[in-house]
Amino acid sequence: MADWVDACDAAELGDGDVIGVAPKGIGLALYRVDGTIYATEDRCSHGLASLSEGMLDGCNIECPLHFGTFDVRTGEATAAPCSVAIKTFKAEERDGRIFVEL
Ligand code: FES
């Protein structure tokens, strides 16, 4: 059954930022776009790279290794060489903390 878990202090994630967190040992990338928080797995589907070390441009996260991109809202791959979607998670801010449904 899915559980909402406390991922981090909301102040750690500024608007237009991406950070890596690991609640329950699960590597996630958190994004804030125009005030809305999104969460995806932190692993690129193309190779061994952390998306939290990539560049966020609007709703697109660019992988730091080969520069493929994903839409953080849906997990869909949006630029080559990425073609396989990444997993997304529900995320929200409550009382100054960011919670993710795992
Ligand atoms: S590992 Fe991410 S684009 Fe290749």
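Check the entry above for the structure.
In this report, we go over the structure that sits alongside the text. (Residues numbered from 1 in each chain as written. Predicted model: local features only at pLDDT ≥ 70, side-chain atom pairs only at ≥ 80, totals over all residues. Heavy atoms only, no water.)

## What about the sheet that holds strand β1 (residues 4–9)?
Part 1 of the argument: Read across the sheet, three strands follow the order β1-β11-β10 without closing on themselves; strand pairing throughout is antiparallel. Of all strands in the sheet, those bounded by a partner on one side alone are β1 and β10 (91–94). On average, each strand axis in the sheet is inclined to that of its neighbour by 35°, with strand direction left out of account.
Part 2 of the argument: Of the pairings in the sheet, the one linking β1 to strand β11 (residues 97–101) comprises five bridges and is antiparallel in character. Each bridged residue has a counterpart across the sheet, and for C8 the counterpart in β11 is I98. (Pairing = 2+ DSSP bridges. Helix = DSSP H or I, 4+ residues; strand = E, 2+ residues; numbered from the N terminus. Axes fitted to C-alpha atoms, helices over the stretch in contact; angles between N-to-C directions.)

## Quick word on the environment of G58
Part 1 of the argument: Here G58 lies in the loop between β5 (55–57) and β6 (60–62).
Part 2 of the argument: Judged by its relative accessible area of 43%, G58 falls in the partly exposed class.
Part 3 of the argument: For G58 and L102, which are 44 residues apart along the polypeptide, the C-alpha to C-alpha distance reads 25 Å. (Buried < 20%, exposed > 50% of the residue type's maximum accessible area, 1.4 Å probe, protein only.)

## Regarding the side chain of S52
Part 1 of the argument: Note on placement: S52 falls in the loop between β4 (36–41) and β5.
Part 2 of the argument: Classification of S52 by relative accessible area gives buried; the value is 17%.

## Topic: the nonpolar core
Part 1 of the argument: Among the nonpolar cores identified, the biggest contains 16 residues, and Y31, C44, L51, L56, I61, F70 and V72 are the most heavily contacted of them.
Part 2 of the argument: Broken down by element, this core gets its largest block of residues, three residues, from strand β3 (residues 28–33).
Part 3 of the argument: Apart from the residues within four sequence positions on either side, C44 is in contact with A49, L51, C63, F70 and C82.
Part 4 of the argument: Ranked by size, the runner-up nonpolar core spans 14 residues in total, among them L28, L30, I98 and V100. (Core = buried A, V, L, I, M, F, W, Y, C linked by side-chain atoms within 4.5 Å. Contact = heavy atoms within 4.5 Å.)

## Overview of the sheet that holds strand β9 (residues 88–89)
Hydrogen bonding along the main chain pairs the strands of a sheet, whether they run parallel or antiparallel.
Part 1 of the argument: Strand order in this open sheet of four strands is β2-β3-β4-β9, and the pairing throughout is antiparallel. The open sheet has two edge strands, β2 (18–21) and β9, and neither has a second partner.
Part 2 of the argument: The pairing of β3 with β4 spans six bridges and is classified as antiparallel. Along β4, the bridge assignment pairs A29 with T40.

## Some thoughts on the packing of aromatic side chains
Part 1 of the argument: Taken as a whole and judged by the stated rule, the model has zero aromatic pairs.
Part 2 of the argument: Directly above the aromatic system of W4 lies the positively charged group of R94, at a separation of 5.0 Å from the ring centroid.
Part 3 of the argument: Here the basic side chain of R94 rests over the ring of F99, its NZ or CZ set 4.6 Å away from the ring centre. (Phe/Tyr/Trp six-rings, centres within 6.5 Å; stacked < 30°, edge-to-face > 60°. Lys NZ or Arg CZ within 6 Å of the ring centre and 35° of its normal.)

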